[in-house]
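Topology and contacts: notes
Each chain, written out:
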Amino acid sequence: MAKATETRSASTAKVAPAKARSAAETEKIRVALVERRDELQAEYDRTLSEITELQRDRLTDSAGDDQADTGTKTGEREQEITLANNLLDRITQVERAIDRLGTGNYGWCERCGNAIPVERLAAFPVATLCVSCKQLEERR
């Protein structure tokens, strides 16, 4: 019984940052995040333009549509809006990562305070939780 308690307390203990990032490393990460945000913003702007253009075309080309045509067009429009909203969410995540980088919290788990593995950050640069905490969150 004592061993389970020791294991649990060891895994939940907050670990102090072992090493601060150099200014060059921080700038490299910031540049990559800003580039990613700009790419996503450009894609979001293109998507909004396409939605607007398609909506205009649908309004002028809807004469004679039956219920199935109208339903299809509505479904397509909702799907396009969902994609645009997903892009906006991703932009927000990148902006939050940039803010965390500026405050020195980037790369540290928001829940337990442990370092987020570099491999995870390379695959998912906007990660805010370490693998263990993310797994716990997904189980809930």
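Residues numbered from 1 in each chain as written. Predicted model: local features only at pLDDT ≥ 70, side-chain atom pairs only at ≥ 80, totals over all residues. Heavy atoms only, no water.

In this section: the overall build of the protein. In terms of regular secondary structure, the protein is built from five helices and zero strands. What you see in the protein, going N to C, is helices and strands ordered as α-α-α-α-α. In the protein, which comprises 140 residues, the share counted as buried stands at 24%. Taking the intrachain contacts of the protein between residues at least 6 apart in sequence as the baseline, contacts between residues at least 24 apart amount to 56%. (Helix = DSSP H or I, 4+ residues; strand = E, 2+ residues; numbered from the N terminus. Buried < 20%, exposed > 50% of the residue type's maximum accessible area, 1.4 Å probe, protein only. Contact = heavy atoms within 4.5 Å.)

Before going further, it helps to examine the environment of Leu54. By the element assignment, Leu54 lies in helix 2 (residues 23-60). Sequence separation between Leu54 and Glu80 is 26 residues, and the spatial gap between their C-alpha atoms is 9.9 Å.

Inspection of every chain in the model, using the stated rule, returns seven salt bridges. Between Asp38 and Arg37 there is a salt bridge, and its shortest N-O distance comes to 3.4 Å. The class for Arg37 is partly exposed, based on a relative accessible area of 23%. Of the charged contacts, one joins Arg111 and Glu137 as a salt bridge, the two residues approaching to 3.9 Å between their closest N and O atoms. Of this pair, Arg111 sits in the loop between helix 3 (67-103) and helix 4 (118-123) while Glu137 sits in helix 5 (residues 131-139), and the two are 26 residues apart along the sequence. What makes Arg111 partly exposed here is its relative accessible area of 35%. (Salt bridge = Lys/Arg side-chain N within 4 Å of Asp/Glu carboxyl O.)

This next bit is on the nonpolar core. In this structure, Leu33, Val94, Tyr106, Cys109, Ile116, Cys130 and Cys133 are the most contacted members of the largest nonpolar core, which totals 22 residues. For this core, the elements supplying multiple residues, two or more each, are helix 2 and helix 3. The greatest single-element share of this core, amounting to seven residues, is contributed by helix 3. Those residues within four positions of Val94 in sequence are excluded, and the remaining contacts are Leu33, Arg36, Arg37, Leu40 and Val126. (Core = buried A, V, L, I, M, F, W, Y, C linked by side-chain atoms within 4.5 Å.)

This part is about the confidence of the model for the protein. Predicted coordinates in areas of low pLDDT are best not read in detail. Predicted confidence across the protein gives a mean pLDDT of 82, with 81% of residues reaching 70 or more. By mean pLDDT, helix 1 (residues 2-12) is the weakest element of the protein at 39, and helix 5 is the strongest at 91. (pLDDT = per-residue confidence, 0-100.)

With that settled, the discussion passes to helix 3. For helix 3, spanning 37 residues, the distance from its first C-alpha to its last is 54 Å, which sits close to the expected 54 Å at 1.5 Å a residue. Among all positions of helix 3, only Lys73, Glu80, Ala84, Leu87, Ile91, Val94, Ala97, Ile98, Arg100 and Leu101 are buried. Two residues or fewer after helix 3 comes Gly104, characterised by a positive phi angle close to 85°. (Expected span 1.5 Å × (residues − 1).)

Within the structure shown, the criterion is met by zero disulfides. Summary of cysteine pairing: Cys112 is not part of a disulfide, and the nearest cysteine sulfur, belonging to Cys109, is at 3.7 Å. The buried category is assigned to Cys112, whose relative accessible area is 8%. (Disulfide = S-S within 2.5 Å.)

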